[in-house]
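# Understanding the architecture of this molecule
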Amino acid sequence: MKLLRYLLGFFLPPLGIFLTYGVSTTLVINILLTLLGWLPGAIHGVWAIAKYEERLNTVS
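Note that the coordinates shown come from a computational prediction; the quantities given were computed from them, not determined experimentally.

What follows covers helix H3 (residues 25–36). Under the 1.5 Å per step criterion, the end-to-end length of H3 is 17 Å for twelve residues, consistent within 8% with the ideal 16 Å. The set of residues buried in H3 consists of Thr 26, Leu 27 and Asn 30. Looking straight down H3, one finds its buried side chains confined to an arc of 95°; they lie on one side. For H3, the exposed residues lying more than 90 degrees away from the buried face are Thr 25, Leu 32, Leu 35 and Leu 36.

Attention shifts here to the packing of aromatic side chains. What describes a pair of aromatic rings is the distance from one ring centre to the other and the angle between the planes of the rings. For the structure shown, the criterion picks out three aromatic pairs. Judged by centre distance (5.1 Å) and plane angle (80°), the rings of Phe 10 and Trp 38 are edge-to-face. One end of the pair, Phe 10, is in helix H1 (residues 2–11); the other, Trp 38, is in helix H4 (residues 38–59), with 28 residues separating them in the sequence. In this structure Trp 38 comes out as partly exposed when scored by relative accessible area, which is 40%.

Our focus in this paragraph is a nonpolar patch on the surface. Together, Leu 3, Leu 7, Phe 10, Phe 11, Leu 12, Leu 15, Phe 18, Leu 19, Val 23, Trp 38, Leu 39 and Ile 43 make up a nonpolar patch on the protein surface, roughly 1200 Å² of accessible area in all. At four residues, H1 tops the list of elements feeding residues into the nonpolar patch.

Criteria and cut-off values
- Residues numbered from 1 in each chain as written.
- Predicted model: local features only at pLDDT ≥ 70, side-chain atom pairs only at ≥ 80, totals over all residues.
- Heavy atoms only, no water.
- Helix = DSSP H or I, 4+ residues; strand = E, 2+ residues; numbered from the N terminus.
- Expected span 1.5 Å × (residues − 1).
- Buried < 20%, exposed > 50% of the residue type's maximum accessible area, 1.4 Å probe, protein only.
- Arc of directions from axis to C-beta.
- Phe/Tyr/Trp six-rings, centres within 6.5 Å; stacked < 30°, edge-to-face > 60°.
- Patch = residues over 30% accessible without salt bridge, like charges linked within 9 Å, V, L, I, M, F, W, Y side chains within 5 Å.
- Areas by Shrake-Rupley, 256 points an atom, 1.4 Å probe, with all protein chains shown as cover.
- Salt bridge = Lys/Arg side-chain N within 4 Å of Asp/Glu carboxyl O.

Next comes the structure, spelled out in structure tokens:
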């Protein structure tokens, strides 16, 4: 599932963020960045998913 999130975060950034965070401010930010261009949305998507995974690993 982690690999799928990263791939979706890169190729379809809002979908990857939605599957990771649900409906949140992170999703809105990513949608706005993706509207500015695919690359800003993809960078933010992969970064946000990596931060989410990092937080999960430090809490456990």
